[in-house]
Amino acid sequence: MIRSLFLVCVFMAFIGGGFAAPFVATLGYVWVDTFRPQGVAYIILNQIPVALVMGCAAFGSYLFSDRRYPPRMTLITGLTITMCIWMTATCLWAQVPDAAWSKWNWAFKTVMFSAFIPLVIRSRVQIEAFAQTFLFSLAANFIPFGLKTMISGGGYGRNLGLMSGDANLAEGGLLSTFCLMAIPLAFHLAKHTQIIPRLRIMPLGYLALAGLALATTIGTYERSALIGLVVMGAIMIMRSRRKILFALFAAVVAAGIIYQTSAGWGQRMSTMEDPTADTSALTRLLVWEWTYRFTLTHPFGGGFQSYIIDRLEYPDGAVETGRAFHSIYFEVLGEQGWPGLAMFLAIAGSTMLNLIRLSRRTRKIPELAWCADMSDALQASLAVFLTAGAFVGIACQPPFWYFIAMSVSLREYVRRVEQPPQAEGWRARALPMAAASASAGQPPPWRRPALGRTAR
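Predicted model only: the values in this text are computed from it and were never measured.

Draft legend 1. Highlighting the overall build of the chain. If you tally the helices and strands in the chain, you get 18 helices and 2 strands. Counting across all 456 residues of the chain, residues that qualify as buried make up 54%. In the chain, the proportion of contacts linking residues at least 24 apart, taken out of those at least 6 apart, comes to 75%. Here the chain displays about 20,300 Å² of accessible surface, and carbon together with sulfur accounts for 65% of that area.

Draft legend 2. Main features of the packing of helix H6 (residues 124-152) against helix H8 (residues 202-219). Where H6 meets H8, the closest approach of the two axes is 7 Å, and the angle between their N-to-C directions is 60 degrees. Judged by the angle between their axes, H6 and H8 are oblique. Seen along the crossing, H6 lies across H8 with a hand that is left-handed. In this structure, H6 contributes Gln132, Leu135, Phe136, Ala139, Phe142, Ile143, Phe145, Gly146, Leu147, Thr149 and Met150 to the contact, and H8 contributes Tyr206, Leu209, Leu212, Ala213, Ala215, Thr216 and Gly219.

Draft legend 3. Representation of the packing of aromatic side chains within the structure. Across all of its chains, the model carries 26 aromatic pairs by this definition. Judged by centre distance (5.3 Å) and plane angle (40 degrees), the rings of Phe344 and Phe400 are tilted. Of the two residues, Phe344 sits in helix H13 (residues 328-362) while Phe400 sits in helix H15 (residues 398-418), which places them 56 residues apart along the sequence. Like Phe344, the residue Phe400 is buried in the burial classification. The structure contains a cluster of three or more aromatic residues connected by ring pairs, namely Tyr29, Phe59, Tyr62, Phe113 and Phe116.

Draft legend 4. Expanded view of the environment of Thr90. Positionally, Thr90 belongs in helix H4 (residues 75-90). Residue Thr90 is classed as buried on the basis of its relative accessible area, which comes to 0%. For Thr90 and Gly301, which are 211 residues apart along the polypeptide, the C-alpha to C-alpha distance reads 7.0 Å. In this structure, Thr90 is in contact with Phe300, Gly303, Glu335 and Gln336, ignoring residues within four places of it in sequence.

Draft legend 5. Quick look at a nonpolar patch on the surface. A cluster of nonpolar side chains, namely Leu92, Trp93, Trp101 and Phe300, defines an oily patch on the protein surface of about 430 Å² accessible area. By secondary structure assignment, the location of Leu92 is in the loop between H4 and helix H5 (97-120).

Draft legend 6. Up close: the nonpolar core. Within the largest apolar cluster, 114 residues are counted, with the highest numbers of intra-cluster contacts made by Phe344, Met374, Phe385 and Phe400. Not counting residues up to four positions away in its chain, the partners in contact with Phe400 are Met181, Phe344, Ala348, Leu382, Phe385, Leu386 and Ala395.

Draft legend 7. Region of interest: H6. Helix length check: H6, at 29 residues, gives a terminal C-alpha distance of 40 Å against a target of 42 Å (1.5 Å per residue), a fit within 8%. The principal kink in H6, of about 40 degrees, is found at Ala140, preceding the proline Pro144 by one to four residues. A positive backbone phi angle near 100 degrees is found at Gly153, which sits one or two residues after H6.

Draft legend 8. Expanded view of the side chain of Gln132. Checked against the element boundaries, Gln132 lands in helix H6. Separated by 2.8 Å, the side chains of Gln132 and Tyr206 make a polar contact. Residue contacts for Gln132: discarding those within four places in its chain leaves Leu189, Thr193, Ile196 and Tyr206.

Draft legend 9. Structural context of empty space enclosed by the protein. On inspection of all chains with the given rule, the structure shows 7 cavities of 30 Å³ or more. Lining the largest cavity we find Asp33, Thr34, Arg36, Asn168, Leu169, Leu174, Phe178, Gln397, Pro398 and Pro399. Per-class residue counts for the lining of the largest cavity are 5 nonpolar, 3 polar and 2 charged.

Draft legend 10. Highlighting the pattern of salt bridges. Per the stated rule, a full pass over the model turns up 11 salt bridges. For Arg323, the salt bridge goes to Glu320, with nearest N and O atoms at 2.9 Å. Between Arg363 and Asp373 there is a salt bridge, with the nearest N and O atoms lying 3.2 Å from each other. A residue pair is termed long-range when its members are at least 10 positions apart, and Arg363 in the loop between H13 and helix H14 (369-388) and Asp373 in helix H14 qualify at 10 residues. Within the structure, one salt-bridge network assembled from shared partners comprises Lys191, Arg363, Asp373 and Asp376.

Draft legend 11. Quick peek at the confidence of the model for the chain. Per-residue confidence for the chain gives a mean pLDDT of 83, with 81% of residues at or over 70. Long-range and interchain partners of residues 433-442, a stretch whose pLDDT sits below 50, account for 15 contacts in this model, where long-range means more than four residues apart.

Draft legend 12. Examining the packing of helix H2 (residues 23-35) against H5 more closely. Across the interface, H2 lies against H5 with an axial gap of 11 Å and an inter-helix angle of 150 degrees. Between H2 and H5, the angle falls in the class roughly antiparallel. Viewed along their axes, H2 and H5 form a crossing whose handedness is left-handed. Residues Phe23, Thr26, Tyr29 and Asp33 of H2 touch H5, and the partners they reach there are Lys109, Thr110, Phe113, Phe116, Ile117 and Val120.

What counts and what doesn't
- Residues numbered from 1 in each chain as written.
- Predicted model: local features only at pLDDT ≥ 70, side-chain atom pairs only at ≥ 80, totals over all residues.
- Heavy atoms only, no water.
- Helix = DSSP H or I, 4+ residues; strand = E, 2+ residues; numbered from the N terminus.
- Buried < 20%, exposed > 50% of the residue type's maximum accessible area, 1.4 Å probe, protein only.
- Contact = heavy atoms within 4.5 Å.
- Areas by Shrake-Rupley, 256 points an atom, 1.4 Å probe, with all protein chains shown as cover.
- Axes fitted to C-alpha atoms, helices over the stretch in contact; angles between N-to-C directions.
- Parallel < 35°, antiparallel > 145°, perpendicular 65-115°, else oblique.
- Left-handed = near helix turned anticlockwise from the far one by under 90°.
- Phe/Tyr/Trp six-rings, centres within 6.5 Å; stacked < 30°, edge-to-face > 60°.
- Patch = residues over 30% accessible without salt bridge, like charges linked within 9 Å, V, L, I, M, F, W, Y side chains within 5 Å.
- Salt bridge = Lys/Arg side-chain N within 4 Å of Asp/Glu carboxyl O.
- Core = buried A, V, L, I, M, F, W, Y, C linked by side-chain atoms within 4.5 Å.
- Expected span 1.5 Å × (residues − 1).
- Bend = angle between axes of the 7 residues up to and from the residue.
- Polar contact = N/O pair within 3.5 Å; in protein donor to acceptor, adjacent residues only side chain to side chain.
- 1 Å grid on protein atoms, 1.4 Å probe; cavity = no way out; pocket = protein on both sides within 12 Å on 5 of 7 lines; lining within 4 Å.
- Points joined across faces, edges and corners; volume = space filled by probe spheres on them.
- Nonpolar A, V, L, I, M, F, W, Y, C, P; charged D, E, K, R; others polar.
- pLDDT = per-residue confidence, 0-100.

So, in structure tokens, the structure goes:
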């Protein structure tokens, strides 16, 4: 009862804060979409459409109070909106209409809201608040899971977090992937946070969150998580100034967590050597083959949840139907067809390319060093999603689209600093140097030699 009342207070605080600062309502939607209070509350929040209420508050507060200086229509935003339109269109010829519209109901809102986020999240404080909200909302699920893993050793299919069942963050493949995506973000916030007081122990708190996220990832016993972990570790080691020390530290931490897990972890990982020896791995291969053949005759996809009609024939003669795609790429291909897959890959590829360019452009500018580091963190997180997600069907889940939106907000922030308009209000407060230079008609000293024509 006390937990439910506390969650109600948090929910109302986001609603109330949205009236004073419209972007707070957007943070509230991220909290609802990531933490999912309706799944752990016993009263009130489990009886009302909390996501709908918070979403309406976010859109309403922006339309009535915060329509200043909208960002440009970027390629990524345009592709995201086009993706929303195409997702809706595929429901018209869906193989399983009722199931398709049921998934569309939440998938469409997730993708469309990611296109809305850059309209509201614009300043450095707002970008950081968005990242903090996502991290701590997810942490509420992986902190208990990570602690229990370090005590009991974890296990495949075990619900050690707040959620129960086999959906959302209670599903190991989804939870482990999102935990890995949160680790680079935690390292970035430990170094650059402005919202949380910079006490000496503050970085240790973020490192602890990263450690618990890693423990949760290993404790799920998910093989896709191992692939994502290798990719994330390689990226972070390459970008570390002390590569050998960082690699040794990471190896010791990972070894300690693995030691605490049971021998079942090693046995499950060993099944990756021969996919045909494991029923789960073999099923993935058969589903992917069926999906490819299906889209040869249905190039525009079969709509959401089209996997329900699949038919798999095993080598021993057994036949099974209705097995999920188990891959973000085959999920998009089977549901949205080749056009949908092309848009999905274009969004991911354009985002990664923009982040790489942004990191290179801002790395040597002290005032924008945090942008370079955040760009690197987002790159690492997206790389984890695009590799680990190759074995988990989570293409429409919110975190991926939130990271896409954060990259757009970050890029637009840098653009506004490079080309500051004559403005007052939150711009002048969030970017004092840029505002002062704009009033003088000249860019700040660091911008001229460091950026030159590339800033245009």
